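Coordinate inspection notes
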Amino acid sequence: MPTTLGQNQYGKAENRVVRITRDGATHHIKDLNVSVALSGDMEEVHYSGSNASVLPTDTTKNTVYAFAKEHGIESAEQFGIHLARHFVTSQEPIRRARIRIEEYGWERIGTPGEGEHSFVRKGQETRLAQITFDGEEWEVVSGLKDLTVMNSTDSEFRGFVKDGYTTLQETRDRVLATSVSGRWRFNWTGDGQRTPDWDTSYEETRKHLLQAFAETYSRSLQQTMYHMGARIIDHRDEIDEVRFSLPNSHHFLVDLEPFGLKNDTADGAVYFASDRPYGLIEATILRDGCEARIPVDLTNL
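Residues numbered from 1 in each chain as written. Predicted model: local features only at pLDDT ≥ 70, side-chain atom pairs only at ≥ 80, totals over all residues. Heavy atoms only, no water.

**What to know about the overall build of the chain**
Helix and strand counts for the chain come out as 5 helices and 12 strands. Here the chain holds 301 residues, and the buried ones make up 40% of them. Within the chain, contacts between residues at least 6 apart in sequence are counted, and of these 66% link residues at least 24 apart. As displayed, the chain has an accessible area near 17,000 Å², and 48% of this comes from carbon and sulfur atoms. (Helix = DSSP H or I, 4+ residues; strand = E, 2+ residues; numbered from the N terminus. Buried < 20%, exposed > 50% of the residue type's maximum accessible area, 1.4 Å probe, protein only. Contact = heavy atoms within 4.5 Å. Areas by Shrake-Rupley, 256 points an atom, 1.4 Å probe, with all protein chains shown as cover.)

Shown next as structure tokens:
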């Protein structure tokens, strides 16, 4: 039966690189997990096994470490840009490079000025970046995952559709909790444009999504999610698209009546935190006139 080769790519995944910069007694850490995927004129290696056009994945690994020393790591995005440009421009068969990066945060331990070289790993979100380059245009998508947030009030859920299988009761006061997985796409597409300040953009975007979560009186997680994305786009001109995937981490009031106790939210309540099954709320929020490019399934990004 005739066959033909479809989309293909190869590279080295999950290269853990830690770059320590020493500024006298003050040290700085960048801790990344870098995955490289390359594609282009790779038909022959699949059809005949010829490796004449194949840059070894071990070489891509070595490049990650060498570039961390040679260029430093200003930001996850800028480091990915250096790598993507190198692979596409230095190897004729390679037409497209995709660099995915996870960044793990560290914060200092100890008193400033007394040997600032001790750190503790931050227990909050993981920062994400994906850089794609095809020799002409860039696409930079940043984001985060595992940012756990909660509103203990100012959230309700009522007026929903009911049928013969509905048992959920309406509520005017509930806990709203989720673990934010979000991506945002920059409108920077080439070296002819001014490059964003990637670290500042990340911190400001994170700030705006958290403020929107905290300040929105929520009638649904969908409404809160839309306000989070809209606030980012309203305040960050460099971003055209935001994609969120938010599990609704349900908190159910515990029935304490068998023990003669009233479990009322008015004076403080006890909840059972259920980790599954959970509602999964997802959406893309776009700047007017822009097209969606971030994958619907964030597990593919």
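**Let's talk about unusual backbone geometry**
Excluding glycine, residues mostly carry a negative phi; peptide bonds, for their part, are mostly trans. Of the consecutive residues Arg276 and Pro277, the connecting peptide bond is found in the cis state with omega at -5°. Counting through the fold element by element, Pro277 comes out in the loop between strand E11 (271-273) and strand E12 (279-286). Residues other than glycine seldom take positive phi values, yet Asp154 does so here, at roughly 60°. Along the chain, the position of Asp154 falls in the loop between strand E7 (138-151) and strand E8 (176-186).

**A few points about the side chain of Arg174**
Note on placement: Arg174 falls in the loop between E7 and E8. At 8.4 Å, Asp173 is the nearest oppositely charged side chain to Arg174, a buried residue that forms no salt bridge. Setting aside residues up to four positions removed in sequence, Arg174 forms contacts with Asn151, Ser152, Thr153, Ser155, Glu156, Phe157, Ser220, Leu221 and Asn248. (Lys, Arg positive; Asp, Glu negative; His and termini not counted. Salt bridge = Lys/Arg side-chain N within 4 Å of Asp/Glu carboxyl O.)

**Looking at the layout of surface pockets**
Summary: where empty space remains is shown by rolling a probe the size of a single water molecule over the atoms. A volume near 530 Å³ is recorded for the largest pocket. Together, 22 residues line the largest pocket, and Leu168, Thr171, Arg174, His251 and Phe252 are the ones closest to its centre. Among the secondary structure elements, those contributing two or more residues to the lining of the largest pocket are helix H5 (221-235), strand E10 (251-253) and E12. For the lining of the largest pocket, the leading source of residues is E10, giving 3 residues. Class assignment of the residues belonging to the lining of the largest pocket gives a composition of 8 nonpolar, 10 polar and 4 charged. In this structure, the second largest pocket spans a volume of roughly 430 Å³. What lines the second largest pocket is a set of 18 residues, and nearest its centre among them are Glu103, Gly105, Trp106, Lys122 and Glu203. For the lining of the second largest pocket, the elements supplying multiple residues, two or more each, are strand E2 (26-40), strand E3 (94-104), strand E4 (106-108) and helix H4 (198-215). (1 Å grid on protein atoms, 1.4 Å probe; cavity = no way out; pocket = protein on both sides within 12 Å on 5 of 7 lines; lining within 4 Å. Points joined across faces, edges and corners; volume = space filled by probe spheres on them. Nonpolar A, V, L, I, M, F, W, Y, C, P; charged D, E, K, R; others polar.)

**So, helix H3 (residues 76-90)**
The terminal C-alpha atoms of H3 lie 21 Å apart, and with 15 residues this matches the ideal 21 Å at 1.5 Å per residue to within 8%. Listing the buried residues of H3 in full gives Ala76, Glu77, Gln78, Phe79, Gly80, Ile81, Leu83, Ala84, Phe87 and Val88. For H3, the elements touching its buried residues are E2, helix H2 (57-70), E3, strand E6 (126-133), E7 and H4. (Expected span 1.5 Å × (residues − 1).)

**Points about the environment of Gly40**
Tracing the backbone through its elements, the reader meets Gly40 in strand E2. Owing to a relative accessible area of 22%, Gly40 belongs among the partly exposed residues under this scheme. The spacing of Gly40 and Gln91 is 51 residues in sequence and 10.0 Å in space, taken between C-alpha atoms. Beyond its immediate stretch of four places on either side in the chain, Gly40 contacts Pro93 and Arg95.

**Describing the environment of Ile29**
Here Ile29 lies in strand E2. For the pair Ile29 and Arg287, spaced 258 residues apart in the sequence, the C-alpha separation amounts to 35 Å. Among residues more than four places away in sequence, those in contact with Ile29 are Val18, Arg19, Ile20, Trp106 and Phe119.

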